[in-house]
Amino acid sequence: NTYGPDPVLHFWKAYGIVMEDRLSEGMRELEALVDKRDTLVAAPLLLIHAHKKCQTVDREAVQQLEAKVRSQRTSCGEKALYHAAMFLWLCGRHDKAREYVDRMLKMAPGSREGLSLRGWVDLTCGRETLAKKSIKYFEEALAGSENPKLVDAIFGKARFFFARYNFSHALEVLNSAVAGYPGFLPALLEKMRVQLALQDWEQATDTAHRCLSLDANCVEATQLLILEQLAREGGQGEVAGKISDLVRLLDRFEPKNHALYYQAALPFARMSGGHTLVLQQTMTLVERAISLAPLNAEYINELGYERLLSGQVREALQTYRKAFNQDETSVASLAGIIHCQIQDGQLSEAEQQLEFLAEVQSSIGRQADLLYLGALLAQRRDKPASEVMPLLQETVEVHFAAVKGQPFAPRYFSLVNPQFLLQLAKAMMLYAPTDPAHSRSQVHPVLRKVAAVLDPLTKSCPGMTETLRLLARIKFLSGDTEPAQSMLQRCIDRDPTSLEAHLLMAQLALHRGNIKQCSTSLEMALSSDFEVQSIPLYYLVKAQTEEHRGRWAEALVSLQTSMGLIAAKKTAFRPQPSRFPPLSLSEKVTIYLELAKVHSQLGNQHEAAKVMQDALNEFSGTGEEVRVLVANADLALSRGDTDHALTMLRSVTEDKPYFIQAKEKMAEIYFTHRKDRKLYIACYQELAEKLPGPPTALLLGDAYMSIQETENALQVYEAALKKNPRDGVLASKIGQALVKTHSYTKAINYYEAALKLEGQNFLRSDLAELYIKLRHYDRAERTLAAALEHQSEAFDLPVLMEDTRYLLLIAKVHRKAGLPEKALQTLTRARDTQSRVLKRVGVEQPESAQAQKQLAASIACQIAEHYAGVREYESAVRYYREALLHDENHSAARLALAEMHLLRGELGASENECVTLLRLEPTNERATVMKADLLFRKGDYNLAAQYFQEMLGRWPDHFQALSRLIELNRRAGQLHTCEPYIQQAEKVCARAAYDAGLNYCKGLYQRFQNQPTEALRSFNQARKDSQWGEKALFNMIEICLNPDNETLGGETFKPLDTDSSSSSEDQMALHTAEKLLREVHPHSPLSEQKVKILQNYALLATKGKQSAELALSKFTEMVTAERDNIPALLGMATAYMILKQTPRARNQLKRIAKMQWSSQDAEEFERSWLLLADVYIQAGKYDMAAELLKKCTQHNQSCSKAWEYMGFISERDQAYKDAASHYERAWKYSNHSNPSIGYKLAFNYLKAKRYVDAIDICHAVLESNPNYPKIRKDILEKARLSIRV
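Residues numbered from 1 in each chain as written. Predicted model: local features only at pLDDT ≥ 70, side-chain atom pairs only at ≥ 80, totals over all residues. Heavy atoms only, no water.

### A look at the overall build of the protein chain
Note the cut-off: Helical segments are the DSSP runs of H or I of at least four residues, strand segments are the runs of E of at least two, and each set is numbered from the N terminus. C-alpha atoms define the radius of gyration in this analysis, and the globule rule sets the expected value at 2.2 Å times the number of residues to the power 0.38. Residue exposure (1.4 Å probe, protein chains only): buried if accessible area is under 20% of the type maximum, exposed if over 50%, otherwise partly exposed. We call two residues in contact whenever any of their non-hydrogen atoms come within 4.5 Å of each other. Here the accessible surface of atoms and residues is derived via Shrake-Rupley with a 1.4 Å probe, and residues count as covered only by protein chains that are part of the display.
Along the backbone of the protein chain there are 68 helices and zero strands. Whereas a compact globule of 1285 residues would reach a radius of gyration of roughly 33 Å, the protein chain reaches 43 Å, over 25% beyond that. Summarising its shape, the C-alpha atoms of the protein chain cover approximately 155 × 90 × 60 Å along the three principal directions. Evaluated residue by residue, the protein chain yields a buried proportion of 52% over its 1285 residues. Partitioning the intrachain contacts of the protein chain with sequence separation of at least 6 by distance along the chain shows that 57% fall at a separation of at least 24. For the protein chain, the computed accessible surface area is about 60900 Å², with 49% contributed by carbon and sulfur atoms.

Put into structure tokens, the structure is as follows:
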């Protein structure tokens, strides 16, 4: 409406009409433009083009128009030449376009439009020399200060960089266009294409949404969003709906554009994964294109291909024949016909057609689809792998050569053709092994080749479920089960009805020994599709599950069913096509071998031998023959016939694919059954001689290592490394061997020399670990830091992963060197780096996503442990929660979080975490222990003890549970009930007298029973143990410093039989404590703090003023560093009491009394309450003391000292009956071993007129302490006299 009379606008409108094949309408529009000044040349040229597109060409009219063009082009103006050149360029006539634009530039040398068009002509002409120089025209067009800049030139410059794969520069140029023209849709669309080429899906989709905000009907932005969902997320059902919307969009806005319909269908069909709904929509797009151009054979071929993808073989065959009738020279039509014939079982007809095409191929060059058809035909005719695999490999090479250099775009997906690559991968997988590789095996070559085929798909289309499932199978068969399980779970999450994913998950669970999970997966497979009962593999896995359960008869039934299905398919005249992949040769062999094994287990030796003979006949001459032979040898071994087994294995020659496995089996027989180390090594030596190379050298070296012949292993590794200096596994093995022989200097020299070579950077971590082992922490840090000295931007994902690993090792170095703050800084860097990894790994390496999340959780846990060690519990809780966000099944993080809540007194939150953990891991010991602790805190002692008792009922030698039960029962006042459990543990322990765990538990029980001498003996048996030694040493030191469990610093109770000076026994005990302290090597920040506390208590134990002041200063430093450090506060208070500064001591103790009780500091809380109660008693504040003593007995009913203080208070109040009751408990919980308490109890019995009880207690005291002062005269004789009276 705005530019109605403009002839240029009408010309381009006419151009669009002509390109839609509305020729008559376009020609009418052009007739009025032939004489217009600006379209003098362009309009006749377009009319000529339109006439030539007609079915009947008007030759006379064309000649007149050509004459008109010749006459006008010499006299027309620059604008006319410009539009003519533009039209010629759009028609692909680059030389003519260049001629016209050059004429225009002679007339107007500075024309920005002319310069820009010349740049476009040269850039797209297909001649590299001209394309390289095209940038100068765009630069000239953009030179000068004119604003706004010419958009055509900006686009041309961007396209120049794009063509040179310099996408970053192209994006910068387009950003300037978007900034200059914010609402200009073409600029945004061009930017979107460049972002896609950079594989920056997030930015590309953001730009697409921005385009749609400007134009809700933008076709290209809609296409990209569909492409992004197919490539990254899957969800084909939802995608089908979006393609349907795209069809409606094209019907509305481009109803005559058959090329656009066709091009829109290509990438979506090839990324559909065979999904019916998606293919229905893409076929609709192709049918629209065919309806507009019914004679186009290319469109009809595409419809045939999509019908074949959707399983409509007969319909696809008819469509390809229709295309061939349209164009009898179409190779694609013939190839499609052959493919349909092979799928339909018409192998003879397909073979004849393929022979004809093979001759044609020599003239047109190798084509991937024809090579694939040759391989597919050979496969259907049961040709050996040696014939089929080279064809498949050649197909892969030709296919990828055609794709090479293509930028990331919708056309890239059309050319890569993910569906074709999946077909290739499945064809190759038929020759892969069926059993996972064990740790010493090399990855099977077929698996490596299939992984190489799938690699581009995992990067470009991580959302394709079928790719993920195949990759999971490769990981599983390579022995890499963790990523395999993660990938399979993602497949099942995306498509819960995926039968093949459920079957593979069952196989994976079976391999890992998780029979319950295996059965669940088989049930899921059956419930998702009953057709699974027609798959032999289902019955094979089911049989293997029954074997693990010992149900051999049920396994036999399943295997016989599987064999029946194989036989039925073999005898069928024309097997029906199945949507499931055929059973591979390797899987068939496995069924035979499992059947023989089951027969053998059931005692049917004759049947087992018959099955093995059938297998040998069936698979003779195939690559699986040797595998049957090896299994036959196993059968002979099960009968005890080692000679026959060895004879069979010796018959395997080096040209057989299973030669290595046969020799390994022979070596195992010699080593395990014959105990002959020489022949064991001879097998590997023969392997290395007949099949020289790194794999066999590794096997020989490992064999030497397994029999402790390290020097020979080193020679083998070094010889192999000379031939393969870049082999990382060999290099690492040499270093490990040197370390094993304690040749540390040689190992260091070797590692340092190796690191100077390129490509050996992976040895850096091995060298750092060695430095850490030798405590050369500075050198370890330098070695690792060198690996991090690179540019900090645009890292590849593997580099970022390596950086995280190095940073974690540096953090370990800092921890070992006693630098916790530096360790924290390094861990924080590792966390930041790992965050960058997590943002990218889901797209670039989806199989590693779960492992990387687990690593991120581990880093967060390490940071949390640091904060927990310095008692910053809030920060610790935050990082433990972060760990659970990364990995909700991280049991260590959840358990630690529960402990943090417990320390903060948040019992409900702690219980929730325990319940969650026990739901995930019902047998988690530490969670069970904590659950019992929580029940104890709530006062439910019986249920708490029941948890531990149940554990000890199942595992009597579970010393972790036993030690916790002892502590729990002590606090519940039921310590005596632990003795039967200790006796039971002694019965089941093979070496009870020397078992560290048992001795620790006995020592703990004896300590709580006030038997310090016996406790020291038991703890002494455990103090050298790695698990129990540290705890045992701490207990021994505490006993030596306070053998009678007195209130250190307290003044209420003075010994009755000694003065206050230190005895020689006390000095000896102190000397022993100091010696033991030197033995402690703390393994955590909490242990380090415990050592410092005990060292200061050793100073206090001397009772000297100078020692007490020194201890006080050290305790003060600790409290300054950590304000609420309860052990240090108690130490300060004790020092003040020894220094007779009671008010200061009371202030520190009152601080502790106001704090929340925690199990971690339970003993310190108890001792601080007792000491404060002692202070209050000395001050006559009995009520305040009584409150503190009640808190002691609430948290520890066996606290004899608390009961003694309570008895003392009652005695002062002359409440002798109450005093006697309290002293009774003190006497009971001190195990009748403290004569002072016995004396007080007897005295109060006397005062309460319980004379007989008083006499009994006197006898008990005198029996263990015959010379105990005053008790005989003051109590015993008076009680006897009172009875007489």
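### Focus: the packing of aromatic side chains
This is how it is decided: Aromatic pairs are defined between Phe, Tyr and Trp rings, using the six-membered ring for Trp, whenever the two ring centres lie within 6.5 Å; interplanar angles under 30 degrees are classed as stacked, those over 60 as edge-to-face, and all others as tilted. Lysine and arginine charges are scored as sitting over a ring when NZ or CZ, respectively, is within 6 Å of the ring centre and within 35 degrees of the ring normal.
Throughout the structure, instances matching the rule amount to 27 aromatic pairs. Members of the aromatic cluster, joined through ring pairs, are F11, W12, Y15 and F87. The ring of F1008 is capped by R970, whose NZ or CZ atom sits 4.2 Å from the centre of that ring. The ring of F1034 carries K1090 above its face, with NZ or CZ at 6.0 Å from the centroid.

### Quick notes on the confidence of the model for the protein chain
How we decide: What pLDDT expresses is the predictor's confidence in each residue, scored from 0 to 100.
Across the protein chain, pLDDT averages 84, with 93% of residues at or above 70. The least confident element of the protein chain is helix α40 (residues 728-740), whose mean pLDDT is 69; the most confident is helix α17 (residues 297-309), at 93. Here residues 1056-1062 is a poorly scored stretch, pLDDT under 50, and it has seven contacts once near neighbours within four places are set aside; other chains count.

### Topic: the environment of V396
Structurally, the position occupied by V396 is in helix α22 (residues 385-403). Judged by its relative accessible area of 7%, V396 falls in the buried class. Considered as a pair, V396 and V450 are 54 residues apart in the sequence and their alpha carbons are 9.9 Å apart. In contact with V396, other than residues within four places in its own chain, are L424, M428 and V453.

### Comments concerning the pattern of salt bridges
Between side chains of opposite charge, a pair can form as their charged atoms come close. For clarity, the cut-off: Each salt bridge in this description consists of a side-chain nitrogen of Lys or Arg and a carboxyl oxygen of Asp or Glu lying within 4 Å of one another.
Tallied over the entire structure, the rule returns 56 salt bridges. With its nearest N and O atoms 2.8 Å apart, the salt bridge here joins K426 to E466. On the criterion of sequence distance, the pair formed by K426 in helix α24 (residues 418-429) and E466 in helix α26 (residues 465-477) is long-range, its members being 40 residues apart. K426 gets classed as partly exposed once you look at its relative accessible area, which sits at 31%.

### Side note on the packing of helix α2 (residues 23-31) against helix α3 (residues 42-53)
Counted only if it meets this: Lines fitted to C-alpha atoms define the axes here, with helix axes fitted over just the stretch in contact, and angles between the N-to-C directions of these axes take values from 0 to 180 degrees. Roughly parallel refers to an angle under 35 degrees, roughly antiparallel to one over 145, roughly perpendicular to one between 65 and 115, and oblique to any angle outside these ranges. For a crossing to be left-handed, the near helix must be turned anticlockwise from the far one by less than a right angle; the clockwise case is right-handed. Note on residue categories: nonpolar means Ala, Val, Leu, Ile, Met, Phe, Trp, Tyr, Cys or Pro, charged means Asp, Glu, Lys or Arg, and polar means any other residue, Gly included.
With their axes 10 Å apart at the nearest point, α2 and α3 run at an angle of 160° to one another. Accordingly, the angle class assigned to the pair α2 and α3 is roughly antiparallel. Two packed elements cross with a definite hand, and for α2 against α3 that hand is left-handed. Across the interface between the two elements, L23, M27, L30 and E31 from α2 touch A43, L46, L47, A50, H51 and K53 from α3. Within the contact of α2 with α3, the residues separate by chemical class into seven nonpolar, one polar and two charged.

### Focus on the side chain of N301
As a reminder of what qualifies: Throughout this description, a polar contact denotes any pair of N or O atoms lying within 3.5 Å of each other; where both atoms belong to protein, one of them has to be capable of donating a hydrogen while the other can accept it, and for residues adjacent in sequence the pair is counted only when both atoms sit in side chains.
Take N301: it is sitting in helix α17. Under the relative-accessibility criterion, N301 is labelled buried at 9%. At 2.8 Å, the side chain of N301 forms a polar contact with the side chain of S333.

### Examining unusual backbone geometry
Positive phi, normally seen in glycine, also occurs at N417, with a value near 55°. Locating N417 in the fold gives a position in the loop between α23 (410-416) and α24. A positive phi is found at K675, a non-glycine position, where the angle reads about 55°. Relative to the assigned elements, K675 resides in the loop between α36 (659-673) and α37 (677-690). Using a relative accessible area of 64% as the deciding quantity, one classes K675 as exposed.

### Remarks on the environment of A240
The residue A240 is located in helix α14 (residues 236-253) in this model. A240 has contacts with L277, V278 and Q281, leaving out every residue within four places of it along the chain.

### A look at the environment of A1219
Its location among the elements puts A1219 in helix α65 (residues 1216-1229). Spatially, the C-alpha atom of A1219 lies 9.9 Å from that of F1243, the residues being 24 residues apart in sequence. Beyond its immediate stretch of four places on either side in the chain, A1219 contacts G1207, S1210, E1211 and N1244.

### Description of helix α49 (residues 907-920)
Where we set the bar: The span one expects for a helix is its residue count, reduced by one, times 1.5 Å.
An ideal rise of 1.5 Å per residue puts 20 Å on 14 residues; α49 measures up with 20 Å between its terminal C-alpha atoms. Among the residues of α49, those classed as buried are S910, E911, E913, C914, T916, L917 and L918.

### A word on the nonpolar core
Note the cut-off: What we call a nonpolar core is a set of buried Ala, Val, Leu, Ile, Met, Phe, Trp, Tyr and Cys residues that are connected through their side-chain atoms within 4.5 Å.
L392, F413 and L454 are the most contacted members of the largest nonpolar core, which has 182 residues in total. Not counting residues up to four positions away in its chain, the partners in contact with L454 are L422, A425, T467, L470, L471 and I474. Listed in part, the 122 residues of the second largest apolar core include A506, V716, A830 and Y873.

### Quick word on the side chain of S600
With respect to the helices, strands and loops of the structure, S600 is situated in helix α32 (residues 585-601). For S600, a relative accessible area of 14% corresponds to the buried category. Those residues in contact with S600 that sit more than four places away from it in its chain are Q605, A608, L635 and S638.

### Focus on the state of the cysteines
Selection rule: Criterion for a disulfide: a pair of cysteine sulfur atoms at a distance within 2.5 Å.
Taken as a whole and judged by the stated rule, the model has zero disulfides. For C211, which is in no disulfide, the shortest distance to another cysteine sulfur is to C218 and amounts to 5.2 Å.

### With respect to helix α33 (residues 605-618)
Basically, it comes down to this: Arc, as used here, means the arc of the directions from the helix axis to the C-beta atoms.
Its 14 residues give α33 an end-to-end C-alpha distance of 20 Å, which sits within 8% of 20 Å, the value for a rise of 1.5 Å per residue. Looking at α33, one finds that the buried residues are A608, V611, M612, A615 and L616. End-on view of α33: buried residues confined to an arc of 140°, all on one side of the axis. Of the exposed residues in α33, those oriented more than 90 degrees away from the buried face are H606 and N617.

### Some thoughts on the packing of α32 against α33
Where α32 contacts α33, the axes come no closer than 7 Å and their chain directions differ by 165°. The orientation of α32 relative to α33 falls into the category roughly antiparallel. Considering how the two elements wind past one another, α32 and α33 form a crossing that is left-handed. Across from Y592, L593, L595, A596, H599 and S600 in α32, the residues of α33 making contact are Q605, E607, A608, V611, M612, D614, A615 and E618. Split into classes, the residues belonging to the contact of α32 with α33 amount to eight nonpolar, three polar and three charged.

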